[in-house]
Amino acid sequence: MDFNVKKLASGAGLFFTRAVQYTEEKLGQAEKTELDAHYENLMSRADCTKHWTEKIYRQTEVLLQPNPSARIEEFLYEKLDRKAPSRITNAELLGQYMQDAATEFGPGTPYGTTLIKVGECERRLGAAEREYIQTSAISFLTPFRNFLEGDWRTITKERRLLENLRLDLDACKTRLKKAKVAEAKATMAPDFQETRPRNYVLSASASAAEHELRVAQTEFDRQAEVTRLLLEGISSTHVNHLRCLHEFVEAQAAYYKQCHHHMQELQKELGRLPNAFALNSTHSMGTADCVPEGLSSPGETDTLKIEEVQAPASGTRKAKVLYDYDAADSSELSLLADELITVYTVPGMDSDWLIGERGNQRGKVPVTYLELLS
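Presented here is a report on the structure given in the accompanying data block. Bear in mind that the values here come from a model prediction, so they are computed numbers and not experimental data. (Residues numbered from 1 in each chain as written. Predicted model: local features only at pLDDT ≥ 70, side-chain atom pairs only at ≥ 80, totals over all residues. Heavy atoms only, no water.)

**So, the layout of surface pockets**
Rolling a probe over the atoms, with the probe sized like a water molecule, indicates the empty space that remains.
At step 1: Approximately 1,500 Å³ is the volume attributed to the largest pocket.
At step 2: Lining the largest pocket are 43 residues, with Gln 65, Glu 74, Ile 133, Ala 137 and Leu 141 positioned closest to its centre.
At step 3: Per-element accounting of the lining of the largest pocket gives the leading share, 14 residues, to helix α5 (residues 110–188).
At step 4: Looking at the lining of the largest pocket residue by residue, the class counts come to 19 nonpolar, eight polar and 16 charged. (1 Å grid on protein atoms, 1.4 Å probe; cavity = no way out; pocket = protein on both sides within 12 Å on 5 of 7 lines; lining within 4 Å. Points joined across faces, edges and corners; volume = space filled by probe spheres on them. Helix = DSSP H or I, 4+ residues; strand = E, 2+ residues; numbered from the N terminus. Nonpolar A, V, L, I, M, F, W, Y, C, P; charged D, E, K, R; others polar.)

As structure tokens, then:
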């Protein structure tokens, strides 16, 4: 108990000494030991690294999980050292709803068939999104969080210790300066009755102050070296974060490539349903057996003989192909992205399709794969 009281008293005295030194520095009444320019640059660079690492980390969290409630839930699971439950993505949920709706509307109808295909695509997009989030969290977020919660806390702790030792060093300098001044005054105005005892005490006080200063200087220099090495390690942190950034970009590129591929496949599948609107309209109006004269039925459109089609004298246009398209049968024309073809329509043809010509080749092409040029 006696030891604890002494330790507490010593700590309180040290805290008071540092507080006095800090206050006098702020008031301009005490000198302050300045660190060299190189060290100041290292500290500034470290503070800048922490500031922007934290901002990038927080915004990446928002990018990967926009829902703040979900982020809080994941944070709590992490602090409790428990695995967070797997959460379905919004795209997967949308795909599930579409497929459930197709079951209600009838999977054999044009609308139901399309809902099934789009729903399957949305679920694939959601699975790709979940993989992207997991990969980014491991390769990008985790290293950034480890720096903020590990390396940066160590640097902050050592910098705080260095600042305390600097205050101790400057306090020792102040005490030594005061002891020297008192000793000089005693020498200039001696007291003949107590000359020897007084000078002896002042000399001993100055010697003790010099010893404390040497000890404080040694501790400060040692701590300054430790802190400097940690601050110089920020360069290694930048290298590590650079590697993580490359991995994050690769994960993003792979994710968007998968999304682009899935959407292209979906467009191709939808493009192979040329009569979806016509069939749906015919079914709803119940006029499948009564087609007005001069209009083609869906069956007639399907049996259109391409070799008998002739380009009109006027009404042809140029079109740029947006995506590759593989012909489903001999009546269609395969397309290559970015090529230019001539297109036109013929009476009774489905509005979702045009006749396309490329040299001597001719066939039906889906409008959704084209950009019509003026």
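**A closer look at the packing of helix α2 (residues 37–64) against helix α7 (residues 234–271)**
At step 1: Relative to each other, α2 and α7 sit at 20°, their axes nearing to 12 Å. Accordingly, the angle class assigned to the pair α2 and α7 is roughly parallel. The crossing of α2 and α7 is left-handed. On α7, the residues touching Arg 45, Ala 46, Thr 49, Thr 53, Thr 60 and Leu 63 of α2 are Ile 234, Ser 235, His 238, His 241, Phe 248 and Gln 252.
At step 2: Its residues placed into classes, the contact of α2 with α7 shows four nonpolar, seven polar and one charged. (Axes fitted to C-alpha atoms, helices over the stretch in contact; angles between N-to-C directions. Parallel < 35°, antiparallel > 145°, perpendicular 65-115°, else oblique. Left-handed = near helix turned anticlockwise from the far one by under 90°. Contact = heavy atoms within 4.5 Å.)

**Some remarks on the sheet that holds strand β1 (residues 317–321)**
At step 1: Here five strands make up an open sheet; going across it, the order is β4-β3-β2-β1-β5 and the pairing antiparallel. Edge positions in the sheet fall to β4 (361–366) and β5 (370–372), since each of these pairs with one other strand and no more. For this sheet, the mean inter-axis angle between neighbouring strands, taken without regard to orientation, is 40°.
At step 2: In this sheet, β4 lies alongside strand β3 (residues 353–358) in antiparallel orientation, the contact comprising six bridges. (Pairing = 2+ DSSP bridges.)

**With respect to the nonpolar core**
At step 1: In terms of nonpolar packing, the biggest core is built from 39 residues, with Tyr 132 and Leu 231 touching the most fellow members.
At step 2: With 18 residues, the top contributor of residues to this core is α5.
At step 3: One finds Ile 306, Ala 319, Leu 335 and Val 346 within the second-largest nonpolar core, a separate group that totals 18 residues. (Core = buried A, V, L, I, M, F, W, Y, C linked by side-chain atoms within 4.5 Å. Buried < 20%, exposed > 50% of the residue type's maximum accessible area, 1.4 Å probe, protein only.)

**As for the packing of aromatic side chains**
At step 1: By the definition in use, this model includes eight aromatic pairs.
At step 2: Between Phe 147 and Trp 152, the ring centres sit 6.3 Å apart and the planes meet at 45°, which makes this aromatic pair tilted.
At step 3: Geometrically, the ring pair formed by Tyr 323 and Tyr 369 is edge-to-face, given 5.7 Å between the ring centres and 90° between the ring planes. With Tyr 323 in the loop between β1 and β2 (340–344) and Tyr 369 in the loop between β4 and β5, the pair connects residues that are 46 residues apart, well separated along the chain.
At step 4: Grouped by ring-pair contacts, the aromatic residues Tyr 132, Tyr 255 and Tyr 256 constitute a single cluster.
At step 5: Residue placement shows Lys 364 over the ring face of Trp 353; its charged tip is 5.4 Å from the ring centre. (Phe/Tyr/Trp six-rings, centres within 6.5 Å; stacked < 30°, edge-to-face > 60°. Lys NZ or Arg CZ within 6 Å of the ring centre and 35° of its normal.)

**Focus on the side chain of Arg 166**
At step 1: Along the chain, Arg 166 turns up in helix α5.
At step 2: Take Arg 166: its relative accessible area is 3%, and that puts it in the buried class.

**Quick look at a nonpolar patch on the surface**
At step 1: On the surface, Ile 72, Phe 75 and Leu 76 cluster together into a nonpolar patch covering about 300 Å² of accessible area.
At step 2: Following the sequence through the fold, Phe 75 ends up in helix α3 (residues 68–79).
At step 3: With relative accessibility at 44%, the residue Phe 75 sits in the partly exposed group. (Patch = residues over 30% accessible without salt bridge, like charges linked within 9 Å, V, L, I, M, F, W, Y side chains within 5 Å. Areas by Shrake-Rupley, 256 points an atom, 1.4 Å probe, with all protein chains shown as cover. Salt bridge = Lys/Arg side-chain N within 4 Å of Asp/Glu carboxyl O.)

**Digging into α2**
At step 1: Relative to the 40 Å expected for 28 residues at 1.5 Å per residue, α2 spans 40 Å between its end C-alpha atoms, a close match to the ideal helical length.
At step 2: The distance from a side-chain oxygen at the start of α2 to the backbone nitrogen of His 38 is 3.1 Å, and the residue carrying that oxygen is Asp 36. (Expected span 1.5 Å × (residues − 1). Polar contact = N/O pair within 3.5 Å; in protein donor to acceptor, adjacent residues only side chain to side chain.)

**Points about the pattern of salt bridges**
At step 1: A full pass over the atoms with the stated rule returns 13 salt bridges.
At step 2: For the salt bridge of Glu 232 with Arg 228, the shortest nitrogen-to-oxygen distance reads 2.6 Å. Here Arg 228 and Glu 232 lie together in helix α6 (residues 195–232), a separation of four residues that amounts to about one turn.
At step 3: Note on Glu 232: relative accessible area 30%, which makes it partly exposed.

**Some points on the pairing of β3**
At step 1: Of all six residues in β3, five are buried; the element is thus mostly enclosed.
At step 2: Bridge analysis of β2 against β3 gives three bridges, and the strand direction is antiparallel. Counted as the bridge partner of Thr 342 is Glu 357 from β3.
At step 3: Connecting β3 to the next strand, β4, in antiparallel fashion are two residues, including Gly 359 with a positive phi near 65°.

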